[in-house]
Amino acid sequence: MLTFQKSIRSRFLIQLLVASAALIFIFSSILYLFIQQSIYDDKKQELMYVAKHVVSYESIQSVLDGTDSIPGLKIEMYEDLSFDGSIKLLESDEKTKTYLSLIYPFDMKNHSYIKVTQDITNTKRLLEKILNSIFIINILGFIIIIIYAVTLSTMLIKPIKELTHKLSNMNEHLIRPIKTQQLPIEFLPLGETLNHLIARLQNFVKYQK
């Protein structure tokens, strides 16, 4: 019957790496979504500002003349009997350009609304750069975690290796108690148990002699 030996160190490494990878992925996703939502909220506020001014002045041209600071801006007016007056934010792609449009009610009696559109291609490119930067940082962070996990697991099993080395070098003529003062607190019960066993072996050897 084939049996597989389980390694505590391997299980520890796998569990630590899986947990760390999941934590990094969740944190990075939340961070990117937060940045993306913040940028889109700012863009929406800009478009809302323009739309409200159009409704206030009831003139598209007067608003366009006063919004030179917003590049790639386009304002259109439509009449649609099915328009329900809801404010909508739409994103569309045309060839290599990306546009963000705000649907805003203008005159509900005539079922008219305005569509404020802005070119956000540069903004999308910025978000892509941010995403790529986060991805690279995640890879570097995961590599650091791997190195830390290997180092930590080696440090944790070091006392066991030292105990194994001491016990393997003992013989019936050279049996010495283990110095428990040098062991970590977690290994004190094991060290004391081994010392009791060594004491019994010493008594047995004396009895045989």
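Use the structure listed above.
This text gives an overview of the structure that appears in the document. Remember, predicted model here, so these are calculated numbers, not experimental data.

### Some thoughts on the packing of aromatic side chains
Geometrically, a pair of aromatic rings is defined through the distance of the ring centres and the angle of the planes. Under the defined criterion, the tally for this structure stands at two aromatic pairs. Ring geometry for Tyr78 against Tyr113: centres 5.6 Å apart, planes inclined by 25 degrees, an arrangement best described as stacked. Here the residue Tyr78 occupies a position in strand E1 (residues 73-79), and Tyr113 occupies one in strand E4 (residues 112-119), the gap between them amounting to 35 residues. Overall, the relative accessible area of 32% leaves Tyr78 in the partly exposed class. Given a relative accessible area of 14%, Tyr113 falls into the buried group.

### As for the sheet that holds E1
On the basis of which strands lie adjacent, the open sheet formed by four strands has the order E1-E4-E3-E2 and antiparallel pairing. Pairing within the sheet leaves two strands with one partner each, and these edge strands are E1 and strand E2 (88-94). On average, each strand axis in the sheet is inclined to that of its neighbour by 25 degrees, with strand direction left out of account. Both E1 and E4 contribute to a ladder of seven bridges, which runs antiparallel.

### Describing the pattern of salt bridges
A side chain of one charge can pair with a side chain of the opposite charge if their charged atoms are brought near each other. One pass over the full model with this rule turns up three salt bridges. Notably, a salt bridge pairs Glu91 with Lys124, separated by 3.3 Å at the nearest N-O pair. One end of the pair, Glu91, is in strand E2; the other, Lys124, is in helix H3 (residues 121-168), and 33 residues separate them in sequence. One salt bridge connects Asp119 with Lys97, and the closest N-O pair in it is separated by 3.7 Å. One end of the pair, Asp119, is in strand E4; the other, Lys97, is in strand E3 (residues 97-107), and 22 residues separate them in sequence. When its relative accessible area of 24% is taken as the criterion, Asp119 is described as partly exposed.

### Quick notes on the environment of His196
Its location among the elements puts His196 in helix H4 (residues 188-208). By relative accessible area, His196 is classed as exposed at 58%.

### Let's talk about the side chain of Thr98
Looking at the secondary structure, you find Thr98 in strand E3. Overall, Thr98 belongs to the buried group, its relative accessible area being 9%. Polar contacts involving the side chain of Thr98 include one to the side chain of Asp93, which spans 3.0 Å. If we ignore the near neighbours within four places in the chain, the residues touching Thr98 are Glu91, Ser92, Asp93, Gln118, Asp119, Ile120, Thr121 and Lys124.

### Some points on the nonpolar core
Within the largest apolar cluster, 18 residues are counted, with the highest numbers of intra-cluster contacts made by Leu47, Val50, Ala51, Ile114 and Val116. No other element matches helix H1 (residues 8-57), which puts eight residues into this core. With six residues, the next largest nonpolar core counts Leu163, Leu183, Phe187 and Ile198 among its residues.

### Some thoughts on the side chain of Lys43
Tracing the chain through its elements places Lys43 in helix H1. Those residues within four positions of Lys43 in sequence are excluded, and the remaining contacts are Leu100, Gln118, Ile120 and Thr123.

Rules behind the numbers
- Residues numbered from 1 in each chain as written.
- Predicted model: local features only at pLDDT ≥ 70, side-chain atom pairs only at ≥ 80, totals over all residues.
- Heavy atoms only, no water.
- Phe/Tyr/Trp six-rings, centres within 6.5 Å; stacked < 30°, edge-to-face > 60°.
- Helix = DSSP H or I, 4+ residues; strand = E, 2+ residues; numbered from the N terminus.
- Buried < 20%, exposed > 50% of the residue type's maximum accessible area, 1.4 Å probe, protein only.
- Pairing = 2+ DSSP bridges.
- Axes fitted to C-alpha atoms, helices over the stretch in contact; angles between N-to-C directions.
- Salt bridge = Lys/Arg side-chain N within 4 Å of Asp/Glu carboxyl O.
- Polar contact = N/O pair within 3.5 Å; in protein donor to acceptor, adjacent residues only side chain to side chain.
- Contact = heavy atoms within 4.5 Å.
- Core = buried A, V, L, I, M, F, W, Y, C linked by side-chain atoms within 4.5 Å.

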